Amino acid sequence: MNYDFSSLSHSEFEDLSRDLVGREIDLRFEAFPTGPDDGMDGRHARADGSIVMQAKHYHGSGFAALKSKIAKERLSIDRLAATRYILVTSAPLTPKNKNALAQIIGPSLQTPGDIFGPGDLNALLRKYPDIEKAHQKLWAQSTSVLETVVTEAVGKALSKPGVVPAVLAKLLPPAEAAGNAAPVEKVARDTIFLIKASPVDDEFALWLAPKLEAEGYRVFADILTLQPGDRWRRKINEALQYRAVKVLLICRDATLADPHVQDDLDIAVELSKELDDSRFIIPLRLEPGKKVKGVGDAVPVDFVRGWGEGVGLLLDALQRQKVPRPSRPAGDRSELGDFPAAWRDPARRGGRATDLELAARRGSARRHPIL
């Protein structure tokens, strides 16, 4: 893309000119504050004389105004006694224009090639793309630069190393192959994702998850996977987006009022459309309440009459919908090794959770045995 540099202020154009010309002739120019420039916007001082660069941002004024300005500054240019004078301008120039300016500037200009117009600057920007990225005002005119910068920034953010808990790593999408190698085979959707609020639903999640795991299903819920200090919100979203085969949504007013629950539900609703699975979200009704936006017409699994009866209905639904059960040897619970002890051992959850289990048994014993 060719720039006309109209988006830059005078000082920004001077900065760009110093960077480009300095890189091209392999010299570092000093920078001076905005104000009367005495014929220079950049200077490289050395024992045998100074190399002076002057930037004239005359995009809107044209060659005639630039020519008049340089003629007025001829005495200032002579007083500098520079061994080499370089002029950079945003005014469009023809070879004839450069020759005319060379005559006005005088002996300090070694060659008309030391006059850089917009065409020359654009050529240098293509030669030194890192300078283009460093001057952000140019990006507003370049979609390609914006795409490159954003892509690189996102890539760096996502590639930062970090230790992922083993149990969580199994639920994340596979990393793309490095370089030009073939991509890793797409991971299968084999996880039941539980949307819940903390801490109001923690006890129910700790009660439900091992029962589903005992039937061979893989279950994901924050309380089962994350440890204090983990910052895995993005990883949780990825587990939902790439590994969830079904989503269980706990439905009670306190849960649905949680903004994090709503965020996860929004993702799940979109996934339901993408996967063309109208039964992707299975509501679990733990108390009477209003319909849920996005899944209001979905038939819920009723846990109001008893948790034991509810889990029986849920297992029946999962079986009828052919939800996959990751293969494992009978009785193998090795994947639970990284989960909190509160889930592995119900007796260590604390009295309150165990009391809820007992209450569930009492509430459903006459209708459906607890599993």
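Residues numbered from 1 in each chain as written. Predicted model: local features only at pLDDT ≥ 70, side-chain atom pairs only at ≥ 80, totals over all residues. Heavy atoms only, no water.

### A closer look at the pattern of salt bridges
Consideration 1: Evaluation of the coordinates by the stated rule reveals 19 salt bridges.
Consideration 2: With a closest N to O distance of 3.1 Å, Lys 127 and Glu 24 form a salt bridge. Taken as a pair, Lys 127 in helix α5 (residues 118-127) and Glu 24 in helix α1 (residues 10-25) lie far apart in primary sequence, 103 residues in all.
Consideration 3: Measuring nitrogen to oxygen at the nearest pair gives 3.6 Å for the salt bridge that ties Arg 285 to Asp 302. Of this pair, Arg 285 sits in strand β9 (residues 281-285) while Asp 302 sits in strand β10 (residues 301-302); the two residues are 17 residues apart in sequence, bridging distant segments of the chain.
Consideration 4: Owing to a relative accessible area of 33%, Arg 285 belongs among the partly exposed residues under this scheme.
Consideration 5: Within the structure, one salt-bridge network assembled from shared partners comprises Lys 56, Lys 69 and Glu 73. (Salt bridge = Lys/Arg side-chain N within 4 Å of Asp/Glu carboxyl O. Helix = DSSP H or I, 4+ residues; strand = E, 2+ residues; numbered from the N terminus. Buried < 20%, exposed > 50% of the residue type's maximum accessible area, 1.4 Å probe, protein only.)

### Brief notes about the side chain of Asp 190
Consideration 1: Inspection of the secondary structure assignment puts Asp 190 in the loop between α8 (166-169) and β6 (191-195).
Consideration 2: The class for Asp 190 is buried, based on a relative accessible area of 13%.
Consideration 3: A polar side-chain atom of Asp 190 sits 3.1 Å from a polar atom in the side chain of Thr 191.
Consideration 4: Filtering out sequence-adjacent residues up to four positions away, Asp 190 remains in contact with Arg 218, Arg 243, Val 245, Pro 324 and Pro 326. (Polar contact = N/O pair within 3.5 Å; in protein donor to acceptor, adjacent residues only side chain to side chain. Contact = heavy atoms within 4.5 Å.)

### Some remarks on helix α13 (residues 259-274)
Helical periodicity: at 3.6 residues per turn, an α-helix aligns residues three or four positions apart in one direction.
Consideration 1: The end-to-end C-alpha distance of α13 is 23 Å, a good match for the 22 Å that 16 residues give at a rise of 1.5 Å each.
Consideration 2: For α13, the set of buried residues is Val 261, Asp 264, Leu 265, Ile 267, Ala 268, Val 269, Leu 271 and Ser 272.
Consideration 3: Its side-chain oxygen placed 2.7 Å from the backbone nitrogen of His 260, Asp 258 serves as the N-cap of α13.
Consideration 4: Positive backbone phi, at 55°, marks Asp 276, one or two positions downstream of α13. (Expected span 1.5 Å × (residues − 1).)

### Re the packing of helix α2 (residues 63-72) against helix α4 (residues 95-105)
A pair of packed helices is captured by two measures, namely the crossing angle of their axes and the spacing between those axes.
Consideration 1: One can describe the packing of α2 onto α4 by two numbers: an axis separation of 9 Å at closest approach and a directional angle of 15°. In terms of axis orientation, α2 runs roughly parallel to α4. Here α2 and α4 pass one another in a crossing that is right-handed. Along the contact surface, α2 presents Phe 63, Leu 66, Lys 67, Ile 70 and Ala 71, while α4 presents Asn 97, Ala 100, Leu 101, Ile 104 and Ile 105.
Consideration 2: Counted by class, the contact of α2 with α4 contains eight nonpolar, one polar and one charged residues. (Axes fitted to C-alpha atoms, helices over the stretch in contact; angles between N-to-C directions. Parallel < 35°, antiparallel > 145°, perpendicular 65-115°, else oblique. Left-handed = near helix turned anticlockwise from the far one by under 90°. Nonpolar A, V, L, I, M, F, W, Y, C, P; charged D, E, K, R; others polar.)

### Focus: the environment of Phe 193
Consideration 1: Assignment of secondary structure puts Phe 193 in strand β6.
Consideration 2: On the accessibility criterion, Phe 193 (2% relative accessible area) is buried.
Consideration 3: Discounting residues that sit within four places of it in the chain, Phe 193 has contacts with Phe 220, Ile 236, Ala 239, Leu 240, Ala 244, Lys 246, Val 247 and Leu 248.

### Focus: unusual backbone geometry
Consideration 1: Geometrically, the link from Ser 198 to Pro 199 is a cis peptide bond, its omega value of 0° lying close to zero.
Consideration 2: Tracing the chain through its elements places Pro 199 in the loop between β6 and α9 (202-214).
Consideration 3: The phi dihedral of Ala 81 is positive, around 50°, even though this residue is not glycine.
Consideration 4: Despite not being glycine, Asp 276 shows a phi value in the positive range, around 55°.
Consideration 5: Take Asp 276: its relative accessible area is 71%, and that puts it in the exposed class.

### Details of the packing of α1 against α5
Consideration 1: Contact geometry of α1 with α5 gives a least axis separation of 10 Å together with a crossing angle of 65°. Comparing the axis directions of α1 and α5 gives the class roughly perpendicular. You can see that α1 and α5 cross each other, and the crossing is left-handed. Along its contact with α1, which presents Phe 13, Leu 16, Leu 20 and Glu 24, the element α5 presents Leu 121, Leu 124, Leu 125 and Lys 127.
Consideration 2: Here the contact of α1 with α5 is built from residues that sort into six nonpolar, no polar and two charged.

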